[in-house]
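# Notes for the structure review
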Amino acid sequence: MPIIIKDFTWTQSESKISINLPLKGTKANNVDILNSREYVKVSYPPFLFECWFYEMIDDDSSVIVVKNGIISLQFSKAEDSVWPSLFHKDFENKELLKLVREEAIKYAGQKAERLTKEKNDLKEANKKLALKEQMKLEESERNRIESLKENERKKATQEIESFKKSHKTVQVEKEQVPYLEKVKNDSTAVKTMEENRKEIFEESNLKSDEKNISDLPGPRSSGSIQIRFTPRVFPTPSRESQDQLEREWLEKQTEARKISELPDDLNDLSPNELNLDLLKEKARKLSSCNRSL
């Protein structure tokens, strides 16, 4: 059974009414509000507030604010007037109130459908507008490309015209070829005379150079230098970082050679009898046998 909210306050003007409800510790996201042109219901379990207005309101301009523990409902009146009461004169009639409540639910559903349709229509309109804008951009891009093509065609036409003019110039130059050939032959003859004169001077200079070379002293006598390298066991070059390791390896090799040089009384032993690991293993086994005995 819901608890009816009675400790609410309301104010009015000729065009607006305002209703304030205590939230009573309920979270704002738990508040459910249903309103139409003549009815409003605010539910936040276990509390309930419903009102069948004295006259019609404009529900499209309603404002609902939940803040600081207060639910504030503000509505615009359909007609400017001062109401003698917030509630309709037949508010206490349960049957009529039930019909008004059902009409409010039906109206809220229709309003939700209408708002959804308007939202979808707006979305479609925005899509069409975006499509038009895209088409405008594509059209401007096509115009830009056509303009570039036209400029290239004009440029190619100008190049062809200039080529024709240069071709006429070439024809004129061909007519002047005999004169140019004569001038070229004369310049070739002059160049040949200059080259002959240069060869004569170079030959005389070469003779003077050979004379100067004959006055130079002879080459020095040859000799040889003896080089000796420091003797080294390892094939790799000597490095200071490897010196300690090499020294240890040489010491181990020396010790191994000393061990391999057995006295005469041990020469008749087999290699297995000289293996230190095998000898240690035998000694361990003998020691364990002695402990068991």
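Anyway, here's the lowdown on the structure attached to this text.

### Overview of the overall build of the protein chain
Along the backbone of the protein chain there are five helices and eight strands. Along the chain direction, N to C, the helices and strands of the protein chain fall in the order β-β-β-β-β-β-β-β-α-α-α-α-α. For the protein chain, the proportion of its 293 residues judged to be buried stands at 15%. Long-range contacts, defined here as pairs at least 24 residues apart, represent 57% of the contacts in the protein chain between residues at least 6 apart. Element-wise, carbon and sulfur atoms account for 55% of the exposed surface of the protein chain, whose accessible area totals about 24,900 Å².

### Quick word on the side chain of K111
With respect to the helices and strands, K111 occurs in helix 1 (residues 94-175). Look at K111 and you get buried, because its relative accessible area is 17%. Leave out the neighbours within four places in its chain, and K111 touches D59 and D60.

### Comments concerning the pattern of salt bridges
Enumeration according to the criterion identifies twelve salt bridges in this entry. D60 is the partner of R114 in a salt bridge, and the nearest nitrogen-oxygen pair spans 3.9 Å. Of this pair, R114 sits in helix 1 while D60 sits in strand 7 (residues 57-67), placing them 54 residues apart in sequence. Given the relative accessible area of 35%, R114 is considered partly exposed. In this structure, the salt-bridge partner of R142 is E139, at a minimum N-O distance of 2.5 Å. One end of the pair, R142, and the other, E139, are both in helix 1, three residues apart, so they sit about a helical turn from each other. Looking at E139, the relative accessible area reads 37%, which means it is partly exposed.

### Comments concerning the layout of surface pockets
In this model, the largest pocket occupies a volume close to 270 Å³. If you go around the largest pocket, the residues you meet are I4, I5, K6, F8, F49, E50, F87, F91, E92, K94, L97 and R101. No other element matches helix 1, which puts three residues into the lining of the largest pocket. A class-by-class count of the residues in the lining of the largest pocket yields seven nonpolar, no polar and five charged.

What counts, and where the lines are drawn
Within each chain, residue numbers correspond to sequence positions counted from 1 in written order. The predicted origin of the model limits local features to residues at a pLDDT of at least 70 and limits the giving and counting of side-chain atom pairs to 80 or more, whereas totals for whole chains, interfaces and linings rest on all residues. The side-chain figures draw on all heavy atoms in the structure; neither hydrogens nor water molecules are used. Runs of H or I in DSSP of at least four residues are treated as helices and runs of E of at least two as strands, each being numbered from the N terminus. The cut-offs for exposure are 20% and 50% of the maximum accessible area for each residue type, with area from a 1.4 Å probe on protein chains only; residues under the lower value are buried, those over the upper are exposed, and the others partly exposed. Should any heavy atoms of two residues lie within 4.5 Å, those residues are considered in contact. For the area figures, the Shrake-Rupley method with a 1.4 Å probe applies, and any residue is considered shielded solely by the protein chains shown. The salt bridge definition used is simple: a Lys or Arg side-chain nitrogen within 4 Å of an Asp or Glu carboxyl oxygen. A pocket, in this scheme, is an open set of points on a 1 Å grid over the protein atoms alone with protein on both sides within 12 Å along at least 5 of 7 lines, while a cavity is a set where a 1.4 Å probe fits but cannot get out; residues line either one if an atom lies within 4 Å of a point. Grid points are joined across faces, edges and corners, and a volume is the space filled by probe spheres set on the points. Only Asp, Glu, Lys and Arg are considered charged, only Ala, Val, Leu, Ile, Met, Phe, Trp, Tyr, Cys and Pro nonpolar, and every remaining residue, Gly among them, polar.

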